[in-house]
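# Analysis of the macromolecular model
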Amino acid sequence: MSTKPHSLSHWQHKHQYTNINHSGERNTRYVLYLTIITMFAEIIAGTFYGSMALLADGWHMGTHAAAFMITLFAFKYARKHADSPNFSFGTGKVSVLGGFTSAVALGLVALIMIFESAFRLLNPQSIQFNQAILVAVIGLTVNVLSAFLLKDHHSHSHHHDGHHSHGEHSHDHNLRAAYFHVLADALTSLFAIGALLMGKFFGLNWLDPVMGIIGSIIISRWAWGLLKQTSPILLDANIDADYQAQIVALIEDNDDHQVSDIHIWAITSDHYAAIIAIVSHDPKDVDYFKQQLTRFDKLSHVTIEINLCRQNDCSGEKEAIC
């Protein structure tokens, strides 16, 4: 059996575009421990002292603890399977899926808070303000500490594949979701403290459930924003029209080159794959087009199809696919 004479390494693509964020993963684990401890403290205290804002904050933390577990699982799964051939472009979308799932959880938390707060607004309960305020302050302190642990890491990560660095910053939707969960906790704790103080000194007990409703509305907006960021990536939505138009314009700057088909979609939160079909009577070679496209740093995996148009009949005979 004769050996194959050609080395294919020059034409082969790399397919690992996973973002590894070790420090973010470690700090998320610390935040999970803090959240679980504070969650139990607030739920118990809110139940005994009769504060809806405090109880809502405790259950809110419980759902966030589950979200942090999702975050940690996504980190571990992406790292473990980063080199697996079962994933066409690596496990970069695992982080995006983790962020999407956490955003759904965040939205459910907001929904539960609205209904529970509305119920308490219609059915007022007595509140033991001093004890409730103390635990709420403890909860806020934990939230602020957790936010600082995640703040410096929710947009920094290391690319498993060094083919395209895209600068020092990359979008880790998985960790971004965890960061939003922490901010939501801090917000509900802050609202709880404000409501409890107003109730204690001015008798405005109705502020307690009202703050729960306001907090849930703000959290809903965060959840919706995160869903809008992650959904297009998971659904392989096309890159924005202006960016694509610039690519087409560059290729068609040569009057003989026309783009007959183009698809550009996200394979992770920061890397894009492109399939571009070009029709020409006298086409340049594939390397020429790939060299032109290097100025578009979002493109990590480019496939060029050249269709040779002969005798003006443009029959679509394919000359090369690389």
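This text goes with the structure placed above it.
Secondary structure summary: the protein chain contains eight helices and seven strands in total. Residues classed as buried in the protein chain amount to 48% of the 322 residues present. Within the protein chain, counting contacts between residues at least 6 apart in sequence, those at least 24 apart form 75% of the total. For the protein chain, the exposed area adds up to about 16700 Å²; of that, 61% sits on carbon and sulfur atoms.

On to the pairing of strand S6 (residues 299–308). Counting buried positions over the 10 residues of S6 gives 10, a clear majority of the element. Sheet topology places strand S5 (residues 272–280) next to S6; nine bridges connect them, and they run parallel. Considered in S6, the bridge of Ser-280 is made with Leu-308. With respect to chirality, the unit in which S5 leads through helix H8 (residues 286–293) into the neighbouring parallel S6 is right-handed.

This part takes up the side chain of Thr-268. The residue Thr-268 is located in the loop between strand S4 (258–266) and S5 in this model. A relative accessible area of 0% means that Thr-268 is categorised as buried. Within polar-contact distance, the side chain of Thr-268 engages the backbone nitrogen of Asp-270 at 3.2 Å. Here the side chain of Thr-268 touches His-271 through a polar contact of 3.0 Å, landing on its backbone nitrogen.

Quick look at the pattern of salt bridges now. According to the stated counting rule, one finds four salt bridges in the structure shown. A salt bridge links Glu-25 to Arg-79; its shortest N-O distance comes to 2.6 Å. You can see Glu-25 sitting in helix H1 (residues 22–49) and its partner Arg-79 sitting in helix H2 (residues 52–80), a full 54 residues away along the chain. On the basis of relative accessibility, which here comes to 34%, the residue Arg-79 falls in the partly exposed class. Asp-236 is paired through a salt bridge with Lys-93; the nearest N and O atoms lie 2.4 Å apart. One end of the pair, Asp-236, is in the loop between helix H6 (207–234) and helix H7 (241–251); the other, Lys-93, is in helix H3 (residues 92–122), with 143 residues separating them in the sequence. You can call Asp-236 partly exposed: its relative accessible area is 41%. Residue Lys-93 is classed as partly exposed on the basis of its relative accessible area, which comes to 23%.

Listed as buried for H7 are Tyr-243, Gln-244, Ile-247, Val-248, Leu-250 and Ile-251. Along the axis of H7, the buried residues cluster in a sector spanning 160°; they form a single face. Residues of H7 that are exposed and point more than 90 degrees away from the buried face comprise Ala-241 and Asp-242.

In this structure, Ile-247, Ile-251, Ile-264, Ile-276, Leu-293, Leu-299 and Ile-304 are the most contacted members of the largest nonpolar core, which totals 24 residues. Residue assignment for this core shows that the elements contributing at least two residues are H7, S4, S5, H8 and S6. By residue number, the principal contributor to this core is H7, which donates five residues.

A few words now on the environment of Pro-209. With respect to the helices and strands, the residue Pro-209 is situated in helix H6. Linking Pro-209 and Met-113, residues 96 residues apart in sequence, is a C-alpha distance of 9.1 Å. Excluding residues within four positions of it along the chain, Pro-209 makes contact with Ser-117, Arg-120 and Leu-121.

For the pair helix H5 (residues 173–202) and H6, the least separation of the axes is 8 Å and the interaxial angle reads 170°. Taken together, the axes of H5 and H6 are roughly antiparallel relative to one another. Judged by residue contacts, His-173, Arg-176, Ala-177, Phe-180, Leu-183, Ala-184, Leu-187, Thr-188, Phe-191, Ala-195, Leu-196 and Met-198 of H5 engage Leu-207, Asp-208, Met-211, Ile-214, Gly-215, Ile-218, Ile-219, Trp-222, Leu-226, Gln-229, Thr-230 and Ile-233 from H6. Residue composition of the contact of H5 with H6, grouped by class: 17 nonpolar, five polar and two charged.

Here the focus is a nonpolar patch on the surface. Where nonpolar side chains cluster on the molecular surface, the patch consists of Val-104, Leu-108, Leu-111 and Phe-115 and spans about 390 Å² of accessible area. By secondary structure assignment, the location of Leu-111 is in helix H3.

A separate point is the packing of aromatic side chains. Across all of its chains, the model carries six aromatic pairs by this definition. On the numbers, 5.8 Å between centres and 35° between planes, the contact of Phe-73 with Tyr-77 is tilted. Note that Phe-73 and Tyr-77 are positioned in helix H2 at a spacing of four residues, about one turn of the helix. For Phe-73, a relative accessible area of 58% translates into the label exposed. A centroid spacing of 5.3 Å and a plane angle of 75° characterise the contact between Tyr-288 and Phe-289, whose relative ring orientation is edge-to-face. Chaining the aromatic ring pairs together yields one cluster made of Phe-73, Tyr-77 and Phe-87. The residue whose ring lies beneath Lys-298 is Tyr-243, and the NZ or CZ to ring-centre distance is 4.9 Å.

Conventions we followed
- Residues numbered from 1 in each chain as written.
- Predicted model: local features only at pLDDT ≥ 70, side-chain atom pairs only at ≥ 80, totals over all residues.
- Heavy atoms only, no water.
- Helix = DSSP H or I, 4+ residues; strand = E, 2+ residues; numbered from the N terminus.
- Buried < 20%, exposed > 50% of the residue type's maximum accessible area, 1.4 Å probe, protein only.
- Contact = heavy atoms within 4.5 Å.
- Areas by Shrake-Rupley, 256 points an atom, 1.4 Å probe, with all protein chains shown as cover.
- Pairing = 2+ DSSP bridges.
- Right-handed = clockwise from strand over helix to strand, strands pointing away.
- Polar contact = N/O pair within 3.5 Å; in protein donor to acceptor, adjacent residues only side chain to side chain.
- Salt bridge = Lys/Arg side-chain N within 4 Å of Asp/Glu carboxyl O.
- Arc of directions from axis to C-beta.
- Core = buried A, V, L, I, M, F, W, Y, C linked by side-chain atoms within 4.5 Å.
- Axes fitted to C-alpha atoms, helices over the stretch in contact; angles between N-to-C directions.
- Parallel < 35°, antiparallel > 145°, perpendicular 65-115°, else oblique.
- Nonpolar A, V, L, I, M, F, W, Y, C, P; charged D, E, K, R; others polar.
- Patch = residues over 30% accessible without salt bridge, like charges linked within 9 Å, V, L, I, M, F, W, Y side chains within 5 Å.
- Phe/Tyr/Trp six-rings, centres within 6.5 Å; stacked < 30°, edge-to-face > 60°.
- Lys NZ or Arg CZ within 6 Å of the ring centre and 35° of its normal.

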